[in-house]
Amino acid sequence: MTDAIIDIDRVTKRYGSHTVLQDLCFSVRPGEKLALIGPSGSGKTTILRTLMTLETIESGTIRIDGEPLFQMERNGSLVPADEAHLHRMRTRIGMVFQLFNLFPHKCVLDNVTLAPMLTKGVRKADAERRAMELLDLVGLADKAHAMPAQLSGGQKQRVAIARALALQPRIMLFDEVTSALDPELVEEVLNVMRMLGSTTDMTMLLVTHEMSFAHDFADRVLFFDRGRIVEEGPPDVLFTNPTHERTQAFLKKIIAAGQRI
Amino acid sequence: MEWDWEFVREIMPMLLDGLRITLLATLLGSILAAVAGLGFALLRRSKSRPVARITGFVVEFIRGTPLLVQLYFLFYVLPELGLLLSPLTAGVVGLGLHYATYASEVFRAGIDNTPRGQWEAAKACNLTPYQTWRHVILPQAIPPMIPALANYFVAMFKETPLLSAITVIELMSEARGVANSNYRYLEPMTMVGVLFLCISLIAVPALHLLERRFRPTR
Ligand SMILES: Nc1ncnc2c1ncn2[C@@H]1O[C@H](COP(=O)(O)OP(=O)(O)OP(=O)(O)O)[C@@H](O)[C@H]1O
Ligand SMILES: [Mg+2]
């Protein structure tokens with residue numbers, strides 16, 4: 001697939017002798033909303049972390065916009081990427097973490113303006129104007145001067161989303177962004193995600209255990225097990241009519257645990 | 001032996017001169033200890049194995065040898081190798097480097113205590129390593145360290161009399177001077193103790209203020 005924004009080709013990732021991703025292949029179209037589901041330990045987080053260059057891979061190739069992520073061209077051959085290459089590649093990708101990881105010593109506004117000012121040289125006034133727009137978008141304009149410690153989990157996560165958006169990435173990675181939240185705070189974050197999904201043409205990769213949300217949100221769902229894609233398809237097919245028995249067993253368990261799909 | 005207030009009044013100006021040098025040495029030594037301590041801590045985390053190893057060795061070596069020996073080395077041995085330091089410079093370097101080794105442990109612990117997620121968020125925000133240290137890691141790591149660092153600086157303050165061994169005219173050596181020339185030790189030495197105590201007593205509440213001021217708001 002040549003028009004893919006993300007192309008993952010036979011990627012293998014190990015921690016010591018433990019293989020977490022095994023010859024993984026998939027690609028993502030620009031603007032696609034992709035949900036990654038699967039049992040705990042199947043490697044979903046690892047994929048997102050690898051795309052964000054928080055992890056390295058043992059073999060295979062990841063291409064972003066056709067450009068290798070962990071390699072760069074030098075004198076006609078591919079060599080391991082240096083920090084400058086990684087830095088350039090990261091401008092296209094943003095990530096929102098399960099535990100928010102806001103900068104606790106900075107107020108909400110500064111959390112959002114820090115990276116644009118430092119990495120893109122945006123002037124403070126412009127960065128703040130843009131940050132206020134984003135905070136407004138996630139419904140937190142009135143919290144601009146609050147410290148992260150003063151916010152609820154749902155509010156923190158919405159700030160984290162605004163912070164990632166401020167860098168205007170073309171690809172956004174969401175790793176179980178609601179699973180650390182109290183149940184009553186989940187919806188406010190999911191609403192922001194829905195709004196992003198329907199109003200932007202960003203490519204979004206979402207790891208989630210919220211099956212009904214994945215169902216509504218995603219264009220395509222990948223089911224992972226033990227570092228491989230067992231089954232993939234549009235949510236209507238994969239959730240209602242899974243062909244693989246491991247997918248069936250996984251979904252059965254989810255339903256038994258009380259979730260709607 | 002009677003306490004002689006008249007004598008105290010007479011020697012006070014000299015003692016205060018000495019105290020000024022003592023405080024100056026402590027201040028400069030603390031600054032050096034903080035900066036060099038941070039440097040040691042960062043070098044020990046270097047990705048280059050040899051750099052990290054050598055720094056580790058130097059730090060252990062400095063910490064494992066007596067300050068007095070180091071002061072003698074700086075002041076009496078270095079000139080033979082062609083590096084002549086004034087007494088105060090040698091004293092500040094000695095105090096600073098010695099306490100930098102303790103400070104570096106404080107920095108190291110503080111840096112290690114910064115959650116991994118902060119490094120990852122900085123990377124996801126595409127900050128450079130320098131920006132990550134400068135804007136994310138150190139501003140979080142340093143405030144909680146301030147009380148521990150300040151304790152070392154108070155300890156350093158109380159070790160400044162060692163500088164009299166390398167001819168720095170600080171409080172202790174002023175006091176010894178006036179005592180020797182007047183054959184009276186009671187007042188000079190008592191006053192040295194009192195002055196040290198006064199400064200320490202001022203320092204403790206000041207440290208508490210610092211501690212409160214810099215307490216992290218998570
Ligand atoms: N830093 C690490 N060192 C060693 N093993 C790791 C490390 N991080 C992850 N793993 C292992 O890699 C495997 C995949 O982990 P990953 O976090 O990608 O799973 P996941 O699909 O996100 O699971 P979950 O749904 O529980 O979040 C797991 O077996 C995990 O124990
Ligand atoms: Mg995970």
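Residues numbered from 1 in each chain as written. Chains lettered and ligands numbered in written order. Predicted model: local features only at pLDDT ≥ 70, side-chain atom pairs only at ≥ 80, totals over all residues. Heavy atoms only, no water.

**Student:** Would you mind going over the interface of chain B and chain A in detail, with residue names and values included?
**Tutor:** At the junction of the two partners, chain B supplies 19 residues and chain A supplies 24 residues. Interface area, chain B with chain A, both sides summed: about 2,000 Å², of which 62% is carbon and sulfur. Three residues, Lys-123, Cys-125 and Asn-126 of chain B, lead the burial of chain B against chain A; their summed loss comes to 30% of the area buried on that side. Those elements giving two or more residues to the side of chain B that touches chain A turn out to be α5 (116–124) and α6 (129–159) of chain B. Here the side of chain B that touches chain A gets eight residues from one element, more than from any other, and that element is α5 of chain B. Partitioned by chemical class, the residues of the side of chain B that touches chain A number seven nonpolar, eight polar and four charged. (Contact = heavy atoms within 4.5 Å. Buried area = accessible area lost by both parts, 1.4 Å probe. Helix = DSSP H or I, 4+ residues; strand = E, 2+ residues; numbered from the N terminus. Nonpolar A, V, L, I, M, F, W, Y, C, P; charged D, E, K, R; others polar.)

**Student:** So, the pairing of strand β12 (residues 228–233) of chain A: which residues are in play, and what are the values?
**Tutor:** Residues and elements named next belong to chain A. Pairing between strand β11 (residues 220–225) and β12: five bridges, direction antiparallel. Paired with Leu-222 across the two strands is Glu-232, which belongs to β12. Connecting β11 to the antiparallel partner β12 that follows it, the hairpin turn spans two residues, and Arg-226 within it adopts a positive phi of roughly 50°. (Pairing = 2+ DSSP bridges.)

**Student:** Which residues make up the side chain of Gln-140 of chain B, and what values do they have?
**Tutor:** Residues and elements named next belong to chain B. For Gln-140, the location among the structural elements is in helix α6. What makes Gln-140 buried here is its relative accessible area of 6%. Within the local environment of Gln-140, its side chain forms a polar contact with the side chain of Gln-118, the two groups lying 2.7 Å apart. A distance of 2.9 Å separates the side chain of Gln-140 from the backbone oxygen of Val-136, its partner in a polar contact. (Buried < 20%, exposed > 50% of the residue type's maximum accessible area, 1.4 Å probe, protein only. Polar contact = N/O pair within 3.5 Å; in protein donor to acceptor, adjacent residues only side chain to side chain.)

**Student:** I'd like a rundown of the UniProt feature "transmembrane region" (unreviewed entry) in chain B, residues and numbers included.
**Tutor:** Mapped onto this structure's residue numbering, the UniProt feature "transmembrane region" (unreviewed entry) falls at residues 20–42, 54–75, 81–100 and 189–210 of chain B. The annotated region residues 189–210 of chain B carries 100% helix and 0% strand content, and the separation between its end C-alpha atoms amounts to 31 Å. (UniProt positions renumbered as here; feature names shortened; annotations may be inferred.)

**Student:** Report on the site of ligand 1, specifying residues and quantitative values.
**Tutor:** Residue and element names in this part refer to chain A. By nearness alone, 13 residues border ligand 1, and Ser-40, Gly-41, Lys-44, Thr-45 and Thr-46 come closest of all. One of the backbone N or O atoms of Gly-43 is found 3.0 Å from an oxygen atom in ligand 1. Within the complex, 63% of the 640 Å² of free accessible area of ligand 1 lies under protein. Sorting the residues of the shell around ligand 1 by element identifies β2 (18–28) and α1 (44–51) as the ones contributing at least two each. For the shell around ligand 1, the leading source of residues is α1, giving three residues. Its residues assigned to classes, the shell around ligand 1 shows three nonpolar, eight polar and two charged. (Near = heavy atom within 4 Å. Areas by Shrake-Rupley, 256 points an atom, 1.4 Å probe, with all protein chains shown as cover.)

**Student:** So, the pattern of salt bridges: which residues are in play, and what are the values?
**Tutor:** Inspection of the entire model under this criterion finds 30 salt bridges over all chains. We note a salt bridge from Asp-225 of chain A to Arg-246 of chain A, for which the minimum N-O separation is 2.7 Å. One end of the pair, Asp-225 of chain A, is in strand β11; the other, Arg-246 of chain A, is in helix α9 (residues 245–256), with 21 residues separating them in the sequence. Among the salt bridges present, the one from Arg-116 of chain B reaches Glu-120 of chain B, with a minimum N-O distance of 3.5 Å. Of this pair, Arg-116 of chain B and Glu-120 of chain B both sit in helix α5, four residues apart, which is roughly one turn of the helix. We classify Arg-116 of chain B as exposed; its relative accessible area is 60%. On the basis of relative accessible area, Glu-120 of chain B is assigned to the buried category, the value being 10%. (Salt bridge = Lys/Arg side-chain N within 4 Å of Asp/Glu carboxyl O.)

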